[in-house]
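Inside the fold
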Amino acid sequence: MKLPAHFDYREDRLHIEQLAVEDIATRFGTPCYVYSKAALLENFASYQDACARFYAHGQTLVCYALKANSNLALIDLLARQGAGFDIVSAGELKRVVSAGGPGVAGRVIFSGVGKSRAEMQYALEQGIRCFNVESVSELHHLNEVAGRCGRRAPVSLRVNPDVDAKTHPYISTGLKENKFGVAFDDARAAYQLARSLPHLDVIGIDCHIGSQLLDDAPLIEALDKLIGLIDQLAAEGIEIHHLDLGGGIGIRYGDEAPGEAPVRVADYLQRVFARIDAWRAARHAGKPLTVMFEPGRSLVGNAGILLTRVEVLKPGSSKNFAVVDAAMNDLMRPAMYEAWHGVAPARPGTGEVRSWDIVGPVCESGDWLARGRELALAEDDLLAILSAGAYGMTMASNYNTRPRAAEVMVDGDQAYLIRERETAEQLFAGERLLPG
Ligand SMILES: *Cc1c(COP(=O)(O)O)cnc(C)c1O
């Protein structure tokens, strides 16, 4: 099995950077999410470096999509690298403001199909960079809230370009039948409306067509459609200052078909900037255009693992189950999308190799983490569920009153607790009995 960068076996023990995962599990317990700082920074640098190398004619801003992993330590690290942030709730904005340092709100864009008026007001007060508006109704709400607060709201319209991202239906967002964005054919009318509303400033255009894309062709197709729209809008006197292509670049989970691999970030960005430069040279020269991205998974997915210990082995006549101490409430992706995650033992097993289903203790048949893995397992073995840095902890729940896992960041030979393990008492601390 090919391990993600900064994970490897040394003297038969699985390491993350310079630390054996066994030592991390001993110190912090399991289940436990563990992230590599070096992997995270390297992934972010791949975006920053490509922006610097391939786009000389305007600004760029890489906005980390917080919903992939919103731990404050990650926000802090990325903010120090100059990242912006793509948020989808007031709660996420509170995280950014709390961890990102002064001025960070000016690098925040607010996506989401159902922003409440209270969320809009909070974001306006914080002075965020842009609202990515997803409907005509939202334009009216935002205009009304901005008017009430005596502010102007900077807006971009999330255009649904109707391209097929060719990914899992639950993470495909750019088709006509998806709930996201303004339909491509309605976009010009929506822009005209936005321009006419007194408390809005039209500044940008954006899209986000889906997640875990291995091929960038649909993204380039979406870019071409947006470029065409920018030209049409310019002809109608609406000037677009930034173009935001969303996130969506996939990562290697390990179950890709032979020859299939996620596009390299640098290659994708190079193609994007080549397209934009050619278009600007032909029709749009002179006017600066900021280009933005909203990557989530490609920054953090392969920077993290979920450490879990085998509680019980249940070999059977039709299936062998290894019941571990992590479950669907810790890592929802397999239950939700039938997602495939690699499983790496902390050290080579001594038992007999069999085909195991790795399942959690939760009372649901959908509670599995991996199926049919050839492993030599014994009880108390420690396993790493790979590629769990994105949409792992942020989707965790407390189903079965299971406290959420601890989170740890490794930096070289040091490990830091970046989120304490929850206690069961915390889970019901807000609950109240009826009087009497
Ligand atoms: C989820 C999301 C992203 C990030 O997607 P990834 O596939 O994790 O890169 C970016 N933009 C928006 C609007 C999103 O909803």
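Here goes a summary of the coordinates provided. Please read these numbers as outputs of a predicted model, since none were measured by experiment.

Some words on helix α4 (residues 90–99)
- Taken together, the buried positions of α4 are A90, E92, L93, V96 and A99.
- Looking at the buried side of α4, the elements it contacts are α3 (72–80), β6 (84–87), β7 (108–110) and α5 (117–126).
- The opening residue of α4 is S89, an N-cap whose side-chain oxygen sits 3.3 Å from the backbone nitrogen of G91.
- Directly beyond the C-terminal end of α4, a positive phi value near 80° is found at G101.

As for the sheet that holds strand β2 (residues 13–16)
- Strand order in the open sheet formed by 3 strands is β1-β2-β3, with antiparallel pairing between adjacent strands. Two strands bound the open sheet, and with one partner strand each, they are β1 (7–10) and β3 (19–20).
- Alignment of β1 against β2, held across 4 bridges, turns out to be antiparallel. Bridging from a neighbouring strand, R10 pairs with R13 of β2.

What about the pattern of salt bridges?
- Throughout the structure, instances matching the rule amount to 20 salt bridges.
- The salt bridge involving E134 is made with R158; its shortest N-O contact spans 2.9 Å. Taken together, the residues E134 in the loop between β8 (130–133) and α6 (136–149) and R158 in strand β9 (residues 153–160) connect sequence positions 24 residues apart. When sorted by exposure, E134 lands in the same class as R158, which is buried.
- Between R354 and E352 there is a salt bridge whose closest N-O contact spans 3.5 Å.
- Relative accessible area serves as the criterion here: at 30%, R354 is assigned to the partly exposed category.
- Linked by salt bridges that have partners in common, R13, E22, D23 and R347 make up one network.

Thresholds applied
- Residues numbered from 1 in each chain as written.
- Predicted model: local features only at pLDDT ≥ 70, side-chain atom pairs only at ≥ 80, totals over all residues.
- Heavy atoms only, no water.
- Buried < 20%, exposed > 50% of the residue type's maximum accessible area, 1.4 Å probe, protein only.
- Helix = DSSP H or I, 4+ residues; strand = E, 2+ residues; numbered from the N terminus.
- Contact = heavy atoms within 4.5 Å.
- Polar contact = N/O pair within 3.5 Å; in protein donor to acceptor, adjacent residues only side chain to side chain.
- Pairing = 2+ DSSP bridges.
- Salt bridge = Lys/Arg side-chain N within 4 Å of Asp/Glu carboxyl O.

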